[in-house]
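Residues per chain, in single letters:
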There are 6 protein chains.
Amino acid sequence: MKTSLLAHATAPEFSNWLDNERATVLVPVGALEQHGPHLPLGTDSLLATAVSLGAAERTGAKVAQTLNYGYKSQQKSGGGNHLRGTLSLDADNLIGIARDITRSFLQQGVRNVVFVNGHYENYQFLYEGVDLALRELGLSDPAGPSVLLLSYWDYVSESTLATVYPQGFPGWDIEHGGVLETSLMLHLHPELVHMDKAVEHNPALLPRFDRLPVVPERTPHTGALSAPSGSTAQKGRLLFERTVTDLATDLSTELGLER
Amino acid sequence: MKTSLLAHATAPEFSNWLDNERATVLVPVGALEQHGPHLPLGTDSLLATAVSLGAAERTGAKVAQTLNYGYKSQQKSGGGNHLRGTLSLDADNLIGIARDITRSFLQQGVRNVVFVNGHYENYQFLYEGVDLALRELGLSDPAGPSVLLLSYWDYVSESTLATVYPQGFPGWDIEHGGVLETSLMLHLHPELVHMDKAVEHNPALLPRFDRLPVVPERTPHTGALSAPSGSTAQKGRLLFERTVTDLATDLSTELGLER
Amino acid sequence: MKTSLLAHATAPEFSNWLDNERATVLVPVGALEQHGPHLPLGTDSLLATAVSLGAAERTGAKVAQTLNYGYKSQQKSGGGNHLRGTLSLDADNLIGIARDITRSFLQQGVRNVVFVNGHYENYQFLYEGVDLALRELGLSDPAGPSVLLLSYWDYVSESTLATVYPQGFPGWDIEHGGVLETSLMLHLHPELVHMDKAVEHNPALLPRFDRLPVVPERTPHTGALSAPSGSTAQKGRLLFERTVTDLATDLSTELGLER
Amino acid sequence: MKTSLLAHATAPEFSNWLDNERATVLVPVGALEQHGPHLPLGTDSLLATAVSLGAAERTGAKVAQTLNYGYKSQQKSGGGNHLRGTLSLDADNLIGIARDITRSFLQQGVRNVVFVNGHYENYQFLYEGVDLALRELGLSDPAGPSVLLLSYWDYVSESTLATVYPQGFPGWDIEHGGVLETSLMLHLHPELVHMDKAVEHNPALLPRFDRLPVVPERTPHTGALSAPSGSTAQKGRLLFERTVTDLATDLSTELGLER
Amino acid sequence: MKTSLLAHATAPEFSNWLDNERATVLVPVGALEQHGPHLPLGTDSLLATAVSLGAAERTGAKVAQTLNYGYKSQQKSGGGNHLRGTLSLDADNLIGIARDITRSFLQQGVRNVVFVNGHYENYQFLYEGVDLALRELGLSDPAGPSVLLLSYWDYVSESTLATVYPQGFPGWDIEHGGVLETSLMLHLHPELVHMDKAVEHNPALLPRFDRLPVVPERTPHTGALSAPSGSTAQKGRLLFERTVTDLATDLSTELGLER
Amino acid sequence: MKTSLLAHATAPEFSNWLDNERATVLVPVGALEQHGPHLPLGTDSLLATAVSLGAAERTGAKVAQTLNYGYKSQQKSGGGNHLRGTLSLDADNLIGIARDITRSFLQQGVRNVVFVNGHYENYQFLYEGVDLALRELGLSDPAGPSVLLLSYWDYVSESTLATVYPQGFPGWDIEHGGVLETSLMLHLHPELVHMDKAVEHNPALLPRFDRLPVVPERTPHTGALSAPSGSTAQKGRLLFERTVTDLATDLSTELGLER
């Protein structure tokens, strides 16, 4: 089974791989969400998929089909669910998908499932789905099959941030459509980035609470929470390489993958 | 908005398109399912996506991100859910996804949503999801926003079948991994088809009832319900062109799309 | 336990039967749905019940109380859910009922449960309910307790169709309130059939897609999808006898029932 | 529309009736539950249906198809769900059915829906289903469409009890398979009652709490909570006539039905 | 572990108690519901908590945090859910909470869980939650871990009623804001009772059916179903002491608690 | 209505308050969760309640009954759900409770509902419940009724942290049973804190991913994620006063509350 993509493997290839390896499947999870005037709606899915593929190539893990729709955009992390271009799932469905996919893969004989998240708001619902699947399967032995969850930016180190944001990192909460995502996209999918449409503006200043219904004017008019000024493909490459390397190292260490 | 793929459009492009056109979004729905030794697990998703893109290019509709996971494989139409390589959602989650996506798109201002199904077992659950979304939104006027559902093979005409199956069409129920899917894949994704692995065997002879738990030996050992012998890229092209053309015609007529 | 109807048996009779036989329970599933001007709303329930009783008498199986409400009528198979006289369940409830009944019967010691469906739209939801029950009970051995699902018209053979439709069978999809159902009702419940109210009209010509909200004028004004002209009690008797005989044979062979 | 049974009416008959009368539909709700050695499993459904038909004939209301499966038998009111012959639904499905049926009938134009319950444990779940349907439909005006819920024994008066139980009424809680149900069945379905199998025993003495898992020996070995000694068809006729008359009077007064 | 309140114990105290005793946890369940002009909204929660604490002190059981929100108020038992001050949960959430709490406590090693209900309408939903949890945990042995359910007024004996209601007990159904609850509150929380606001009125005269939407004028204008006239702290003390004593005796006998 | 506690108000008091003020209700949300050897299981509920009461007194808002059970403890924020003393709700129930309570309060006429969270893992599920309630009620106007969500530690400012942690703040993620919670409890409920049981240990060093099933040894043996050394009632008072003051200011400004 040469391909890293499960969707491209045949059933016998998949079956052989299950038997012969410490089979680990990475599941990228994204969203269809507005990302300002310069980034495409599929940014979160594209980045989660790219990071998963990068880590898979370095560890022998395989990449499942991407979960393309995510939880609702929240104003403090994604501008809000009222914005055009943001399509969302209710919590129960995202929980259910994570549960079904975890159950399905583990029942087929996959040893480890790793959810690689690219949309901040998804995280807790993926967690619940995984927990429910493990309870249903009666799995509680940490030495047995396992599931890992992570958001790819958890693998961006302090030192990388210092390089990417020479004037100081403004905080993860407003990194939506900002320098990190834009730089990664410039590195990975430059044809989908429109830097000429990028608008300079101050970072969003949001209250300490969430308010619903959303007060739309609290989101910057671009929909991005911080401006992408200073984004470069070079920074993107640095971010991507370090993230993927660290993630691959972690997966290898934690799950005994060898390459 | 030049791209047919919503995931590649920016939010302002999407927003402008919503305002200025009779906005129609096609949602391909597939599965991750074993398709015998010669076809990849992602066959249903790949075909539904390709048909959607083909119809979109002819009608000005846009294609949303593909729903990559489908309902359980049933023995009489897909060999059964016990087979390795078949990963599935429970009905409630597939219903929920169809509901959320229908609601989301219509609330954003999309005029028509069209689910283009590529995995037989999905259909009734997509239908229920759409029905629930319309009830929730209070939409019952046939002159207002609408949702269409179809499986792409509903657009394969009798005359096309006569060409593709010169010795007679064996029936849709056992067309899983058979000549139709294989020919389409040979036309659209030849690098993912392994005709050298294809096995000649008689079509599956299944009882008139469904039985659960499944009796595994009733499914041919390949996992395909009929053999792909006789599949060619040329047949695939014929199938694809006629299907896409007929679908595009139907969408244009039914939804007033112009191109 | 002489009666074929579980509702008429006492608990000790049921309990003894459970212990001493290869206990098989048939569950008829119908609907409350308009069937044109000549057939009663309960047609699907009445037919599923009659077929179940016929098969039970020939196999020693017992018939559980009928599930009297079904899934929504779809325009392409039942005229649509907007029509007066059509009362429906959402998918989740029909799934849940099938799940609960399957679980209940199997936990009581019933060996086989057979759902005998009389309303087209029910099928996939019954299937899901059964699958969920078996997963919950941890049953995956095909040699253990089992569940069969079928729609009674799956047992109408090609040769029977040729007799009943001398000018050619118009297709199952538009057989709603048509010759098959009407003939069966004329044979089984003639007092509930009003042939004087039957209206001659062409078969429905429906598009290849489903559209929601429904365009009402696509359904013939009678609510039936094809006219009942040519229906006779004699055809009904033929249909009933052959269907019940073939079903009984299948049940006996598949489940080892003897009589 | 002469018939009282909706299942026996045609769609045009039903539709005319909807337009011309203060249309009221009674929905009998029962169970498939052990009722001791002398009564059939379908007792609750049979009694709820008979009472509904009796009240319908006196008021011009119509009777919908019976809901044949009910909530779990509880030890203090039905002996317990562990007993053979007792088949049950989970709460969510019974709630869902009541919700769907209420919604369906009201949306079709029915003015009043009346649930006539014959299985003690069903009540609260029917209530919730009705409440959810009304909330969903936005109905809160008491002068508009309405839903009534009742258990038929709520219409057994003190004076009737004094006649039926000359030595004092032992209490509703242990009236399961006892004199009331047995007498009613002797009046309505004598061929289904086996008084020769009836066993004399003391009334059940159950604790003030419910305990789960059930302690089986707390239920009398017959499964009935009190003995049917003293049951007669004459008492059954009295119970039935008074109950039906009082119910019909209440319905007429409350809903403005005239006859 | 000296405290009776789990919320006040530390984890090691709780853990030791689990290991060394026949650990029984009481879970008070109340509501936030109008109780007429003289009683506070939290009456049901306060009373269920007080009874639980009283029983715990006499048996060594511990009291979990109170479930403060209950099922909808029904007109015949609580005046109706339309009244200001009545905040309610849907059935599925109350069922779910009872299920989760039962599962959680039993999985931690608690031997017995006892739900002490103080709001009439909660009961059936708590029952369902418990049943689902036991099914999920596979517990069906009556000699193993167990769950008890009760409403505290089930422990008010006939003789106590005779003392408290010298002119005859009007019936549990209209005991909402009446003498029983008021007297208990005068004994336990006199500072929260406003007898000066109490209004004399006849007991509610409600029909034998439930009607939805509610006809508001059928509820007495105070919101109480019977007047609190004659309530005294002395009666409250009697009620409380006898209830708690009988409950403690029952728990000790049933669960083998010793003190 | 003098009391800040809704549970202590009568229905007429509540009703008057609804009519005459810009009625705002605070809903404290906690958990029953192990908090190391020195803090009680109810810590999160106690703190959320205390902060709510403090803010209510400064703004005229009222405090609803506390939600005493929360979402599962996650290893990276609470040590993990496997620990004794941690009792949890599944996501769907916490979502449902938040939804029901939001709907109930807004339908009663409350203008603003504010969830004051004290258990990290609850947040996203509360958010979803609120969003579903607003969608159901059709509320999307930011000038209309609103709901705020916050965790009380969002109101601990940088400058306060600098005072409380003179050697640097170790991060919110491991503040479970640490200096912040312990100091607050020493200030508010000193009798429930056992500093003599507090154990010195290094902060937890947890991986960047979540892993399920949990590897128990990654949680410090105390169950706390950082040691409480250095906690004082004085720090607690500072934390409490500043938090409550800032929260009250925010509520007043945002919701137009006056005092």
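- Under an unreviewed UniProt entry, chain A has the name Creatinine amidohydrolase and belongs to Kocuria marina subsp. indica.
- Per UniProt, chain A has the following entry under Cofactor (unreviewed entry): "Zn(2+)".
- According to the UniProt record, the Sequence similarities (unreviewed entry) comment for chain A is "Belongs to the creatininase superfamily."

## Digging into the overall build of chain A
And step 1. Of regular secondary structure, chain A possesses 8 helices and 7 strands.
And step 2. Here chain A has a C-alpha radius of gyration of 19 Å; the compact-globule value for 259 residues is 18 Å, and the two agree.
And step 3. On the principal axes, the C-alpha backbone points of chain A span a range of 55 × 40 × 30 Å.
And step 4. Of all 259 residues assigned to chain A, the portion counted as buried reaches 67%.
And step 5. A separation of at least 24 residues holds for 77% of the contacts in chain A among residues at least 6 apart in sequence.
And step 6. Of the roughly 8,600 Å² of accessible surface on chain A, a fraction of 50% belongs to carbon and sulfur atoms.
And step 7. Distance between charge centroids for chain A: 2 Å, based on 19 positive and 29 negative side chains.

## Concerning the sheet that holds strand β1 (residues 24-29) of chain F
And step 1. Strand order across the open sheet formed by 5 strands is β7(A)-β6(F)-β5(F)-β1(F)-β2(F), with mixed pairing between neighbours. Two strands bound the open sheet, and with one partner strand each, they are β7 (210-212) of chain A together with β2 (62-63) of chain F.
And step 2. Lying on the sheet, helix α5 (residues 123-137) of chain F is in contact with β7 of chain A together with β1, β5 (112-117) and β6 (146-151) of chain F; it crosses β6 of chain F at an angle near 180°.
And step 3. Contacting β7 of chain A together with β1, β5 and β6 of chain F, helix α8 (residues 233-255) of chain F runs over the sheet at an angle of about 160° to β6 of chain F.

## Considering the pairing of β5 of chain F
All names here are of chain F.
And step 1. Where burial is concerned, most of β5 is hidden: 6 out of the 6 residues are buried.
And step 2. Summarising the sheet, β1 and β5 pair through 6 bridges and their orientation is parallel. From the neighbouring strand, P28 faces β5, where its bridge partner is V116.
And step 3. Looking at chain direction, β5 and β6 are connected through 6 bridges and run parallel. Residue pairing in the sheet places V113 in a bridge with V147 of β6.

## Details of the environment of G30 of chain A
All names here are of chain A.
And step 1. Among the structural elements, G30 can be located in the loop between β1 (24-29) and α2 (43-59).
And step 2. Sequence separation between G30 and S45 is 15 residues; the distance between their C-alpha atoms is 3.8 Å.
And step 3. Dropping the residues within four chain positions of it, G30 is found in contact with D44, S45, L67, N68, Y69, G70, H119 and N122.

## Digging into helix α2 (residues 43-59) of chain E
Note on helix geometry: an α-helix contains 3.6 residues per turn, so any two residues three or four positions apart are oriented the same way.
And step 1. For α2 of chain E, which comprises 17 residues, the first-to-last C-alpha distance of 24 Å matches the rise-based estimate of 24 Å (1.5 Å per residue) to within 8%.
And step 2. Summarising burial for α2 of chain E: 14 of the 17 residues are buried, a large majority.

## Section: the environment of T243 of chain A
And step 1. Here T243 of chain A lies in helix α8 (residues 233-255).
And step 2. Taking the C-alpha atoms as reference, T243 of chain A lies 11 Å from A50 of chain A; in sequence the two are 193 residues apart.

Rules and cut-offs
- Residues numbered from 1 in each chain as written.
- Chains lettered and ligands numbered in written order.
- Predicted model: local features only at pLDDT ≥ 70, side-chain atom pairs only at ≥ 80, totals over all residues.
- Heavy atoms only, no water.
- UniProt positions renumbered as here; feature names shortened; annotations may be inferred.
- Helix = DSSP H or I, 4+ residues; strand = E, 2+ residues; numbered from the N terminus.
- Rg over C-alpha atoms; globule rule 2.2 N^0.38 Å.
- Buried < 20%, exposed > 50% of the residue type's maximum accessible area, 1.4 Å probe, protein only.
- Contact = heavy atoms within 4.5 Å.
- Areas by Shrake-Rupley, 256 points an atom, 1.4 Å probe, with all protein chains shown as cover.
- Lys, Arg positive; Asp, Glu negative; His and termini not counted.
- Charge placed at Lys NZ, Arg CZ, Asp CG, Glu CD.
- Pairing = 2+ DSSP bridges.
- Axes fitted to C-alpha atoms, helices over the stretch in contact; angles between N-to-C directions.
- Expected span 1.5 Å × (residues − 1).

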